Amino acid sequence: MKHYLSINDIKDLEAAVAEAIELKKDPVKFKSLGKDKTVCLLFFNNSLRTRLSTQKAAINLGMEVMVMNFGSEGWQLEFEDGTVMNQGKAEHIKEAAQVVSQYCDIVAIRAFAGLENKALDEAEVVLNGFKKYANVPVVNMESSVGHPLQALADAITLEEFGSKDRPKVVLSWAPHPRALPHAVANSFVEMMKLQDADFVITHPKGYELNPEITNGCQIEYDQDKAMENADFVYVKNWSSYSDYGKVISQDPNWMLTQAQLGTAKFMHCLPVRRNVVVADVVLDSDQSLVVEQANNRTYSAQIVLKKILESL
Ligand code: CP
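Residues numbered from 1 in each chain as written. Predicted model: local features only at pLDDT ≥ 70, side-chain atom pairs only at ≥ 80, totals over all residues. Heavy atoms only, no water.

**Student:** Just to check I follow, could you spell out the overall build of the protein chain for this structure?
**Tutor:** Of regular secondary structure, the protein chain possesses 13 helices and 11 strands. Since a compact globule built from 312 residues should have a radius of gyration of about 20 Å, the 19 Å found for the protein chain is in line with a globular shape. Seen through its principal axes, the protein chain has C-alpha atoms that stretch 55 × 50 × 35 Å. Counting over 312 residues, the protein chain shows a buried share of 54%. (Helix = DSSP H or I, 4+ residues; strand = E, 2+ residues; numbered from the N terminus. Rg over C-alpha atoms; globule rule 2.2 N^0.38 Å. Buried < 20%, exposed > 50% of the residue type's maximum accessible area, 1.4 Å probe, protein only.)

Take a look at the structure:
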């Protein structure tokens, strides 16, 4: 694997999931693979799980890890070509990416959508800027439009906790007081399109995700109907895509309750706002897989780093 920018960069998802589950039995089995190799993690946004699990994955592979909160500690980057840089931005992506490449063997980037300019967000200027100008493989630790490390962890979790050949999996929108990006939902949808599952997306009207991503997926606007006979319910908030970046509903009836969940397993990428997105009783129940999902972030990152190390 050269870069990991989307779940589709994994050639055989089923095999990668099986490899991750095997790796959990002996996480340091490939400790020598990363000897004398360094991964540089650049954060333009906050993180708990991504930061620590990716570090843990690299340590398990014997790598050195450098972490920088680029958004708060680095120079503000310019991404446009030919700009007269006489305003606030002190460094161009061309130099920054090449310089970072000299210090590491893999660079991983977190850079969220700004949710103000759809075209700019979809251009993925930070991730694609590093891909264009860095001389080392690039890993997406959540970009404007995707969170493929989370999606791979979710695929591992579905495999571990599924008891049917073809489970019913529901992705449900939930209310949230702030405008959130589409990245987690987008990558979850992309991952589910690679699964043999009865997959349903449910949300209020106006919260349709990018139709190029949900193309071919079943969309059900009645949340209760969508939940019928579900084996897994994945809850996530996202802002409107058509009225880009706007919160057009905070309808509390869309918060997931125990009654709606029934006997299904509950999934969420975290962090989660209790009693806004999902009721306490669900999160505190044995049906919640959120901690297992977070644990699987280590193994999703480890599989990705391992595949890249093997191709260096
Ligand atoms: N799920 C996830 O990416 O968590 P963090 O934002 O804490 O990294």
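**Student:** What is the right way to read the UniProt feature "binding site: N(2)-succinyl-L-ornithine" (unreviewed entry) in the protein chain from this model?
**Tutor:** Sites flagged by UniProt as "binding site: N(2)-succinyl-L-ornithine" (unreviewed entry) map to E142, H176, K236 and R273. Among the annotated residues just listed, those that line the largest pocket are E142, H176, K236 and R273. Assignment of secondary structure puts E142 in the loop between β6 (138-140) and α7 (148-161). What makes E142 buried here is its relative accessible area of 8%. In contact with E142, other than residues within four places in its own chain, are I109, R110, A111, F112, H147, A183 and V184. (UniProt positions renumbered as here; feature names shortened; annotations may be inferred. 1 Å grid on protein atoms, 1.4 Å probe; cavity = no way out; pocket = protein on both sides within 12 Å on 5 of 7 lines; lining within 4 Å. Contact = heavy atoms within 4.5 Å.)

**Student:** Whenever I open this one, unusual backbone geometry confuses me. Can you help?
**Tutor:** One can expect most non-glycine residues to show negative phi and most peptide bonds to be in trans. Cis peptide bonds are those with omega within 30 degrees of zero, and the linkage from L270 to P271 qualifies with 0°. Relative to the elements of secondary structure, P271 occurs in the loop between β11 (265-267) and α12 (280-283). We note that N229 has phi near 60°; this positive angle belongs to a residue other than glycine. Tracing the backbone shows N229 in the loop between α10 (223-227) and β10 (232-236). Classification of N229 as exposed rests on a relative accessible area of 69%. Its identity as a non-glycine residue notwithstanding, L270 has a phi of 65°, on the positive side.

**Student:** Would you take a moment to explain the site of the ligand for this structure?
**Tutor:** By nearness alone, every residue bordering the ligand is listed as S47, L48, R49, T50, R110, H147, Q150, C269, L270 and R297. At 3.0 Å from a nitrogen atom of the ligand is found a main-chain nitrogen or oxygen belonging to C269. Considering the ligand on its own, with 260 Å² of exposed area, one finds that the protein chains cover 93% of that surface. Judged by the fraction of its atoms near the pocket grid, the ligand is located in the largest pocket. Here the shell around the ligand is built from residues that sort into three nonpolar, four polar and three charged. (Near = heavy atom within 4 Å. Polar contact = N/O pair within 3.5 Å; in protein donor to acceptor, adjacent residues only side chain to side chain. Areas by Shrake-Rupley, 256 points an atom, 1.4 Å probe, with all protein chains shown as cover. Sits in = over half its atoms within 2 Å of the grid points. Nonpolar A, V, L, I, M, F, W, Y, C, P; charged D, E, K, R; others polar.)

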